[in-house]
Amino acid sequence: MTSAALFEVLRNRLWAINDEAVDAIVAVSGSPIATEGNDFNSGILTATGEVALAGPYVLVHAAALGQVVRYVIEQFNEDPGIGPGDMFITNDTYVGAPHQPDVMVVAPVFRGDELIAWCGSCVHQNDVGGPVPGSITVGATSIYEEAVPMAPTRIVQGGELVAGVEQEYLGRSRTPELNRLDLLGQIEANRVVGNRLNGLCDRYGTDRVVAVLDGLIDRTEAAVRARLASLPDGRWRHRGLVEHDGVHDKVYEIGLTMTKQGDSLHLDFTDASPQAPALINTSRAITSSYAMAAVMTVLGYGLPWTPAAFWRVMEVDTTPGTIVDCLWPAGMSMGVTAAGQEVRTAVNVCLSRMFDASENPDVRNQILASCVSGSFTQTISGAFDDGRDFSAMLLDGLPGGSGAWWGGDGPDTGGYLTSPAGLCTNIETNEQHYPVLYRYRRERPDSGGPGRWRGGVGLENAFELHRASEPVTSTVFAHGQQPPTAAGVVGGEPGIQHTGVYERSDGAIEVPPPKQVGELAPGDVYANLCGGGGGVGDPLDRDPAAAEHDVAEGLVTESGAARDYGVVVGDEAATEALRTQRRRNRIGRDPAPPREEPPTGRRLSSTVVLANGRFLCRRCGHDHGPTTEPLVSLLKLGRSPVDERSPWPSARLGADRFEIRRLFCPACAVQVDVQVALADTPLLETAELL
C-alpha cells in the first residue's frame, strides 16, 4: 500500500473511531437532549491539544475541546501529573465550555507511558444547578446567581471513577440520574477512542498514527490557505444585535470587521458593547470557538472538518470586558444562544460578502445567508399530577430556517449552520418524558427571508400541559424577537423574528419578552414560532414560478408573495406591473433598464464594480460616485419598521427602536444591501477592497 493510500485509510478510520465515541454516548445516555437532540459532539486531538477531528454535531462543542485540553495540560502536567486512564471534567465557561449546561469530559490517550493524543466530548445537560431549573438563569446579575462553573477537575484516575468528584458534580443538579448517565456515556466514549487508537498503533505503528493526526491538520491548513489566497483581499463588516439581558431591556451590539489578506483572516470583534451583568455574554474562548466554527462551515466547503487547521489561519481580537470577552463575574448561561449566535452570524455574513467579490463563479456559488439565530428556547419544571418532579429543556425552538445560498433556497426547518446534525426532539418523546401534549408541529409560512433565493422557513409548535394538575415554571429565553437577526446577504432580506406566545385558558394572549421566568397553568397553551433563514439577492428578482410554487406548498401565503416578491399568483401581467411599481417606489422615478453586459472593472459585489476611482452599478452601469466617498452615502436609502412582516407587531415591545435599512441603486432600483440597526446609529459601510 502506498503512503498516500495508507494515509487515506487511517484518516477515514480515525473519523470512524470518532463516530464510535458518539455512538457510545447515545447508547449509555438516557437524556432526550443527547439521544434525540444530538446536542453534543466529540473530537480527537493531538498530544498538544489541537483538534484534528470533530463530529458533525454541535461544532462549537468540538472546537472548544482544544482550549480545555490545553488548560488541563498547563495546570496538571507537572504537578500532580497526567497518567493513563485519567479523565477531566469541566463546565467552566471561562476555560472553554460554551455555557454551564455544556459539560466536557476530556482524556489523554497513552501508548504505554507515551502520551500520543487526547479525546473528549461535550454534552448539554438538563440541569447543572443554580437557582433556576435548567440552569439558564434569567434575572441573574452575575455568575454567582447562575450555576457556578466547575473548573477542570480529575474525575477518573487510573481508570477508576473518583467518587468524591462525581458526588460534587452530580450534587449540583436537579437531574442527577440523567447527568450520571451522560457522564458514564462520555467516560465510555473516551475509553472507546483510547482502545481503538491503541489498536491502530498495534497494526500500523504509533509513529504512523500520530503522523496521520498531524498530517491531517497540516494538509487541511494548506488547502484552507490556498483557498484564502485565491480570494480577493478586502475588509467586510457586520453588526449583530442582542436585545434584553434578562434584567434590563438594553440592546447590545456585536460589531465584526473581517480583514482578509493573502492566506489569513483577521476577525476584529473589538467593536462590541460592554458586557452584560450575566446570561447573554460569551468569554473570549467561546467567541473564538464560534468564530472558528463559522469559518469552518462557510469557508471549509469540501474540506475535512479539522478545527485545528482553521484555527491556524485566523486571528481573533476582542476587547476584555465586552459582551464577547466578558470578565469575571459576568454570567454566560445563555451565551450560546445570544452573543455566540451573533458572532457566528457576523462571520457567516462577512465571508459571504467576500465570496461575492470574487470573479470566480464557483466561489460565488458558496455565498450563504445566515441561518436562524438565537432560537426562542424554553425550560419547564414542576411536578406531574402523581407528584414526580421533572425539569426539562425543550428543543422546539431549534428548527428555524437555514440560509439561502447563491443558486438555491435555504433548507426549511434546517436549523443551525454550525450544528449540521442537530435535531429537534420528537413530539412523542417529549410527551413520554414530560407532562405536555402537543397540538401541532408545522412549518411557518412567510418566515423565510425574501430574496432571489428564499431563506428556509421555520417551524411552529404548540403544546398544553397534560398529566400536571398544578402550574409549572416556564422560562423562555431568546434574542432576535424584536429585531430580525438571521441576516440576508447580497441584497437579500433577513428571516422573520422568533416569537413565543401564551394562550391562557381564559382566551387571553400573552407575548413574553425575550427573556422571562413565567408560569404555565393547566389549560394554557404555549406556542413557539421559530424564525426563518436569511435570503440571497433582490426579492424582486425571484422567479415568479418559484414564488407560486412556494404558495402551493404552503411555505408562502398569497399576500406574502405579493408583499415580499411582487408576485400576483396566477397573473403574469399583474406581477410585472406590481414589480415595476415597487422599483419605482424604491427610488421615486422610473427605473433604468439593465445593461446587456455589466461595466468592466474590479468587482466589489454582485451589484457594484470599481472602475477608474468610481462606484458603478453592475446592472445598469449607473455612476454612483467617487470611491473616496462611502458607498452607502451614494445609494438610495429606504427605511421601514422591523415589524413590517411580523404577525405580532403590537405585542413586541421595544421593536420600535430598530429599523430595516434597504439600499438601492438610484437608477435601476436593484437592492444592493439590507441592514438591521438601531434607528439612531449610522449606516454601516459593509465592504471595501484592499
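An account of the accompanying structure is given in this report. (Residues numbered from 1 in each chain as written. Predicted model: local features only at pLDDT ≥ 70, side-chain atom pairs only at ≥ 80, totals over all residues. Heavy atoms only, no water.)

With that settled, the discussion passes to helix H13 (residues 558-565). Those residues of H13 that fall on the buried side of the exposure criterion are Gly-560, Ala-561, Asp-564 and Tyr-565. Here the buried residues of H13 occupy an arc of 105° about the axis, which is enough to place them on one side. The exposed residues of H13 that point more than 90 degrees off its buried face are Glu-558 and Ser-559. Check the buried side of H13 and you find it contacts helix H12 (544-553) and helix H14 (572-587). Backbone geometry just downstream of H13 places Gly-566 in the positive-phi region, at approximately 65°. (Buried < 20%, exposed > 50% of the residue type's maximum accessible area, 1.4 Å probe, protein only. Helix = DSSP H or I, 4+ residues; strand = E, 2+ residues; numbered from the N terminus. Arc of directions from axis to C-beta. Contact = heavy atoms within 4.5 Å.)

Time to look at the nonpolar core. Formed by 103 residues in total, the largest nonpolar core has its most connected members in Leu-267 and Phe-269. For this core, the leading source of residues is helix H7 (residues 284-299), giving ten residues. Here Phe-269 is in contact with Ile-254, Gly-255, Leu-256, Thr-287, Ala-291, Val-316, Asp-317, Thr-318, Val-324, Val-343, Ala-346 and Val-347, once residues within four sequence places are set aside. Grouped together as the second largest cluster of nonpolar side chains are 49 residues, Ala-24, Tyr-57, Val-123 and Val-165 included. (Core = buried A, V, L, I, M, F, W, Y, C linked by side-chain atoms within 4.5 Å.)

This part takes up the packing of H7 against helix H9 (residues 339-356). Packing of H7 against H9 leaves a shortest axis separation of 8 Å and a crossing angle of 35°. Judged by the sense of rotation from one axis to the other, the crossing of H7 with H9 is right-handed. Judged by residue contacts, Thr-287, Tyr-290, Ala-291, Ala-294, Val-295, Val-298 and Leu-299 of H7 engage Gly-340, Gln-341, Val-343, Arg-344, Val-347, Asn-348, Leu-351 and Phe-355 from H9. Taken together, the residues that form the contact of H7 with H9 break down as ten nonpolar, four polar and one charged. (Axes fitted to C-alpha atoms, helices over the stretch in contact; angles between N-to-C directions. Left-handed = near helix turned anticlockwise from the far one by under 90°. Nonpolar A, V, L, I, M, F, W, Y, C, P; charged D, E, K, R; others polar.)

Going from Asp-79 to Pro-80, the amide bond is cis rather than trans, its omega being 15°. Within the secondary structure, Pro-80 is located in the loop between helix H3 (59-76) and strand S3 (87-90). Even without being glycine, Ser-135 reaches a positive phi, approximately 70°. By secondary structure assignment, the location of Ser-135 is in the loop between strand S5 (114-124) and strand S6 (153-157). Given a relative accessible area of 0%, Ser-135 falls into the buried group. The residue Val-490 is not glycine, and still its phi comes out positive at about 55°. You can see Val-490 is positioned in the loop between strand S16 (472-477) and strand S17 (499-503). On the basis of relative accessible area, Val-490 is assigned to the buried category, the value being 14%.

Another point: the environment of Pro-420. Tracing the backbone shows Pro-420 in the loop between strand S13 (389-394) and helix H11 (427-433). Distance in space between the C-alpha atoms of Pro-420 and Gly-55 is 9.7 Å, their sequence separation being 365 residues.

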